[in-house]
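# Breakdown of the fold
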Amino acid sequence: MKITKRDVRVFVLGMIAFFAIESIYSSKEVKQDISNGWHDGYNSN
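Residues numbered from 1 in each chain as written. Predicted model: local features only at pLDDT ≥ 70, side-chain atom pairs only at ≥ 80, totals over all residues. Heavy atoms only, no water.

### A few points about the overall build of the protein
Note the threshold: In this text, helices come from DSSP runs of H or I with a minimum length of four residues, and strands from runs of E with a minimum of two, each type numbered from the N-terminal end. Using a 1.4 Å probe on the protein chains alone, a residue whose accessible area is under 20% of its type maximum counts as buried, one over 50% counts as exposed, and one in between counts as partly exposed. Here, Shrake-Rupley sampling with a 1.4 Å probe gives the accessible areas, and only protein chains in the shown set may cover a residue. Counted charges follow a simple rule, with Lys and Arg positive, Asp and Glu negative, and His plus the chain ends left uncounted. Throughout, a charge is located at the NZ atom of Lys, the CZ atom of Arg, the CG atom of Asp or the CD atom of Glu.
The helix and strand tally for the protein stands at two helices and zero strands. If one aligns the C-alpha atoms of the protein with their principal axes, the spans along those axes are about 50 × 25 × 10 Å. The 45 residues of the protein split such that 4% are buried. Just so you have it, the protein exposes about 4,800 Å², and 66% of that area is on carbon and sulfur atoms. Computing the positive centroid from 6 side-chain charges and the negative centroid from 5, the protein places the two 17 Å apart.

### Examining the environment of Trp38
Its location among the elements puts Trp38 in helix H2 (residues 27-43). Considered as a pair, Trp38 and Ser23 are 15 residues apart in the sequence and their alpha carbons are 17 Å apart.

### Some points on the side chain of Ser26
As a reminder, the rule being used: Any N or O atom pair separated by 3.5 Å or less is treated as a polar contact, with the protein-specific requirement of one donor-capable and one acceptor-capable atom, and with residues adjacent in sequence counted only for side-chain atom pairs.
Here Ser26 shows up in the loop between helix H1 (5-25) and H2. Reaching out from Ser26, the side chain makes a polar contact with the backbone oxygen of Glu22 at a distance of 2.9 Å.

### Examining a nonpolar patch on the surface
To be explicit about the condition: Without a salt bridge and with relative accessible area above 30%, a residue can belong to a patch; like charges are then joined within 9 Å and nonpolar side chains (Val, Leu, Ile, Met, Phe, Trp, Tyr) within 5 Å. Here, a salt bridge means any Lys or Arg side-chain nitrogen found within 4 Å of an Asp or Glu carboxyl oxygen.
A contiguous nonpolar patch, built from Ile3, Val8, Phe11, Val12, Leu13, Met15 and Ile16 and spanning about 740 Å² of accessible area, is present on the exposed surface. Examined against the element boundaries, Phe11 turns out to sit in helix H1.

### Describing the environment of Ser35
Examined against the element boundaries, Ser35 turns out to sit in helix H2. A sequence separation of 22 residues divides Ser35 from Leu13, and the C-alpha atoms of the two residues are 27 Å apart.

These figures capture arrangement, not role.
So, in structure tokens, the structure goes:
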């Protein structure tokens, strides 16, 4: 069984769609996690 370009595209588009839906569904947690990561990275130096 060969993996075609179409298979790879469908897989990548599915992952992007999953990420987008998950980010929209839990947008408050995503914003908080991004903010925490930004502040932790900025204050580590």
